[in-house]
Structure formats: structure tokens, C-alpha cells
Amino acid sequence: MTQEIYLTGITTTGTPHIGNYVGAIRPSVVASKDANKRNYYFLADFHALAKNEDPDKINQSTLEIAAAWLALGMDTNNSVFYRQSDIPEIPELTWILTSMAAKGLMNRAHSYKAAVQSNIDGGNKDLDKGITMALYSYPILMAADILIFKATKVPVGRDQKQHVEMARDIAQRFNHHYGDVLVLPEPLIDEHTAVLVGLDGRKMSKSYKNTIPLFVPEKKFRKLIMKIKTNSLEPGEAKDIEGNALYDIYKAFATPEEMAAIERQYAEGIGWGAMKQQLFEYINDHISPARAEYNRLIADPSIIEEELQKGAVRAREVSAPYMDQIRSAIGIRKLG
Ligand code: TRP
């Protein structure tokens, strides 16, 4: 049996928040230490260009996401940790795959359709307003990320599942045309991974601006927890755990035994203020060692850069020879 290869990336827009931590960063850090697994983790900075963000913001986000990954204990010897833009084979493969990707397939991408929908909702006559070709063909770049390392399993959130399936479709079409060159990937969705609710009761997401950043100073962190929307039940009134944002966040950090105690407190009618304070203290204890390390790395980015360079060298040991093979398969070869 061939060995599974795991690969996942995080787009470098925004500051890492507790939803990213629970959904993507924590599981990847755990997997990075597994000696039986081959893992690739990367910063998707080319993807970040799709929305034409401010250059300094993209750079800052790259720094923060890399620092978060490292501070939380990513094993960069056992896994390959790199920045997308350091691997020239990725944009090269993107173009090659672009000629194998049906336009109709891209029309159906959720990310593109959501952008069109928001233009419709906003009453814009031009349905493609603000939509770049990068946003439109985003799934092709993502396919190149995945296929260049022959990844077989791609751990992603539910919202990215379709993109991985598109990578598979494109690879299939390529193989049909050029022979068996690309490895077909599969999305890996962990049904147990919590999707956290943000400050306003909607899914925690940088696009809703309702996030709780993972590594803000303690005081700010407390203030944000205190801002989480709750209902108007008073202390002493029994409270429902179902669909409660505080409960869900707690659960993403605490053990089942600890949660049994929290459930009793809900039933006994703990006040929201007291619950928030308790939640703050719990998570704060959990993340403060990593926060100290994060601050140290942010203050000395050369440590991070060195890690990324090391990762790029290791990644290119795989991507460069594979690209030679791909070029040869598509008829782009030396003439004599
Ligand atoms: N598009 C993904 C996101 O926004 C990030 C990403 C880019 C990715 N390339 C990838 C994830 C390849 C998995 C595999 O969440």
C-alpha cells in the first residue's frame, strides 16, 4: 500500500483566531508530530492576493500565522512547513492545470458563486464586480498546491471540500489526456472538529469580523470573551447548553469530565458574566505558554524565516524533480 500524504494550507489573510486554532491549527500540530505520517503544511500567500489586500497586511498575516503554528508546537522536522510563494513549481503547475480545467467547473466554485451572490444582494448591476481572475480560478491554484506534492489526503473545513474535489476532477482530466502522472487527492473532513460561533452569534470567520484572536494580550482577550453575545437569562435561571457559544468554545478546549461540571453549572443557573470569567481563565491558562513563545517569535521574525527556508528546501526536493516529469509528460521538453 502506498503511504498517505497529508497536506493543508492556511490563506494568509487576517490574524489567527480561536476558530482557526480549533479547526485547523491544533489538529495539524498534533499530526505534525506523528512519525508515521508524511505531512505538508504551508502558508497560502498567493491565495491571499485574490482579494487585493493591502501588501503590509498580507505580510503581517503571513508572519502571524507562521508564528502561531510554530508557537503551538508544529514539528518542522517531521513535517514539511513552508510558504507557498517559495515554491516556484506551484504557480508553474497552476498554469498547466489551467489548461486542463473546464471553465464550467470554475463557474460552479462556491467561493466564486458566493462573491456573485453578494453582488446580487448588494444590488450591483455588474455581477462580477470586484471579482478578480484569481478569485475565479482560486481552485486551480489550490489544485496545484495539492497535486505538486502528490497529496492523497487534504484536511480541510467543510467550506473547502468542493475545492479539493475540483482538484481531483482536474487531475483526472489531466491523467486522461497525458497518462497517469498526477495522484488523485481526497478531502479529509473531521466531523468532530468544532466550528465555533463568533462574537455576534454567526460562524467565527474573518469575513464576518466577529473573531476572537488567539494571541492578543490577556486583558484584550478577556474583554473579547466578555463581549460574546448571550441571551437575557438572569443568574439563577437554568440555561441551555444547546447552541450556546460560550459552551461550544469551552468544549473545544476542555475535557469531557470538565464539561460535565460545566453542564451542572448551566443547569444550576450560573450567570453569563461568571461563566465568561471562568471561560476566560480556562482558555487563558491553556494558551498562555504558547502566547509567550508567539510574542518571542513575532519580535524576531528571522527565526520564522529560517524555518520557512528550511521547509522550502525540503519541499522543493520533491516538487522540482516532479515538475520535470510533468513537463515531459505535456510535451514541454528540451529539443536536443
Ligand atoms: N483555500 C484554503 C482556505 O482558505 C487554504 C488553502 C490553499 C488550502 N491551498 C490549499 C487548503 C491546499 C488545503 C490544501 O482555507
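In case you missed it, the structure is sitting above this.
Below is a short write-up of the structure. Remember, it's a predicted structure, so these values are computed and weren't measured experimentally. (Residues numbered from 1 in each chain as written. Predicted model: local features only at pLDDT ≥ 70, side-chain atom pairs only at ≥ 80, totals over all residues. Heavy atoms only, no water.)

## Remarks on the site of the ligand
Phase 1 of the analysis: Thr11, His47, Tyr138, Asp145 and Gln160 are the nearest of the 14 residues found near the ligand.
Phase 2 of the analysis: Residue aspartate 145 places a side-chain N or O atom 2.7 Å away from a nitrogen atom belonging to the ligand.
Phase 3 of the analysis: One of the side-chain N or O atoms of glutamine 160 is found 3.1 Å from a nitrogen atom in the ligand.
Phase 4 of the analysis: Alone, the ligand offers 370 Å² of accessible surface; in the complex the protein occludes 88% of this.
Phase 5 of the analysis: Within the residue set of the shell around the ligand, elements represented by two or more residues are strand 1 (5–11), strand 2 (38–44) and helix 8 (138–147).
Phase 6 of the analysis: Tallied by class, the residues present in the shell around the ligand amount to eight nonpolar, five polar and one charged. (Near = heavy atom within 4 Å. Polar contact = N/O pair within 3.5 Å; in protein donor to acceptor, adjacent residues only side chain to side chain. Areas by Shrake-Rupley, 256 points an atom, 1.4 Å probe, with all protein chains shown as cover. Helix = DSSP H or I, 4+ residues; strand = E, 2+ residues; numbered from the N terminus. Nonpolar A, V, L, I, M, F, W, Y, C, P; charged D, E, K, R; others polar.)

## Looking at the nonpolar core
Phase 1 of the analysis: Among the nonpolar cores identified, the biggest contains 54 residues, and Trp69, Ile212, Phe221 and Ile249 are the most heavily contacted of them.
Phase 2 of the analysis: Mapped by element, the contributors of at least two residues to this core are helix 1 (18–32), strand 2, helix 3 (55–71), helix 10 (218–227), helix 11 (245–253), helix 12 (256–268), helix 13 (272–299) and helix 14 (301–330).
Phase 3 of the analysis: In terms of residue count, the dominant contributor to this core is helix 13 (nine residues).
Phase 4 of the analysis: The two domains that each donate at least three residues to this core are domain 1 (5–101 + 137–195 + 301–330) and domain 2 (215–296).
Phase 5 of the analysis: Ile146, Ala312, Tyr322 and Ile326 belong to the second largest nonpolar core, which has 52 residues in total. (Core = buried A, V, L, I, M, F, W, Y, C linked by side-chain atoms within 4.5 Å. Buried < 20%, exposed > 50% of the residue type's maximum accessible area, 1.4 Å probe, protein only. Domains from an automatic or database assignment.)

## Focus on the side chain of serine 319
Phase 1 of the analysis: Relative to the helices and strands, serine 319 is located in helix 14.
Phase 2 of the analysis: For serine 319, a relative accessible area of 0% gives the class buried.
Phase 3 of the analysis: Residue contacts for serine 319: discarding those within four places in its chain leaves Ile87, Glu89, Ile148 and Phe149. (Contact = heavy atoms within 4.5 Å.)

## So, the environment of tryptophan 69
Phase 1 of the analysis: If you trace the backbone, tryptophan 69 turns up in helix 3.
Phase 2 of the analysis: Since its relative accessible area comes to 0%, tryptophan 69 is described here as buried.
Phase 3 of the analysis: Non-local contacts of tryptophan 69, meaning those with residues more than four positions away in its chain, are made with Thr8, Ile10, Ile25, Ser28, Val29, Tyr41, Phe42, Leu43, Met74 and Phe81.

## Brief notes about the side chain of arginine 83
Phase 1 of the analysis: The topology assignment puts arginine 83 in strand 3 (residues 80–83).
Phase 2 of the analysis: Arginine 83 sits in the buried class, given a relative accessible area of 14%.
Phase 3 of the analysis: Polar contacts involving the side chain of arginine 83 include one to the side chain of glutamate 305, which spans 2.7 Å.
Phase 4 of the analysis: Leave out the neighbours within four places in its chain, and arginine 83 touches Leu43, Asp45, Thr62, Glu305, Leu308 and Gln309.

## Notes on the pattern of salt bridges
Phase 1 of the analysis: Under the counting rule described, the total for this entry stands at eleven salt bridges.
Phase 2 of the analysis: Residue arginine 316 pairs with glutamate 89 through a salt bridge whose shortest N-O separation is 2.7 Å. With arginine 316 in helix 14 and glutamate 89 in helix 4 (residues 89–98), this residue pair connects regions lying 227 residues apart in the sequence.
Phase 3 of the analysis: For arginine 316, a relative accessible area of 33% puts it in the partly exposed group.
Phase 4 of the analysis: Residue classification places glutamate 89 among the buried residues on the basis of a relative accessible area of 5%.
Phase 5 of the analysis: Its salt-bridge partner being aspartate 200, residue arginine 202 comes within 3.1 Å of it at the nearest N-O pair.
Phase 6 of the analysis: A residue is classified by how much of its surface remains accessible, and aspartate 200, at 28% relative accessible area, is partly exposed. (Salt bridge = Lys/Arg side-chain N within 4 Å of Asp/Glu carboxyl O.)

## Details of helix 4
Phase 1 of the analysis: Turning to helix 4, its buried residues number three or more, namely Glu89, Ile90, Leu93, Thr94, Ile96 and Leu97. For helix 4, the arc enclosing every buried residue in end-on projection is 165°, short of the 170-degree limit, so these residues lie on one face.
Phase 2 of the analysis: At its buried positions, helix 4 is contacted by helix 8, helix 9 (161–178) and helix 14. (Arc of directions from axis to C-beta.)

## Considering the pairing of strand 3
Phase 1 of the analysis: Burial along strand 3 is two-sided: Val80 and Tyr82 facing one way and Phe81 and Arg83 facing the other are all buried.
Phase 2 of the analysis: Of the pairings in the sheet, the one linking strand 2 to strand 3 comprises four bridges and is parallel in character. Across the sheet, tyrosine 41 pairs through a bridge with phenylalanine 81, a residue of strand 3. (Pairing = 2+ DSSP bridges.)

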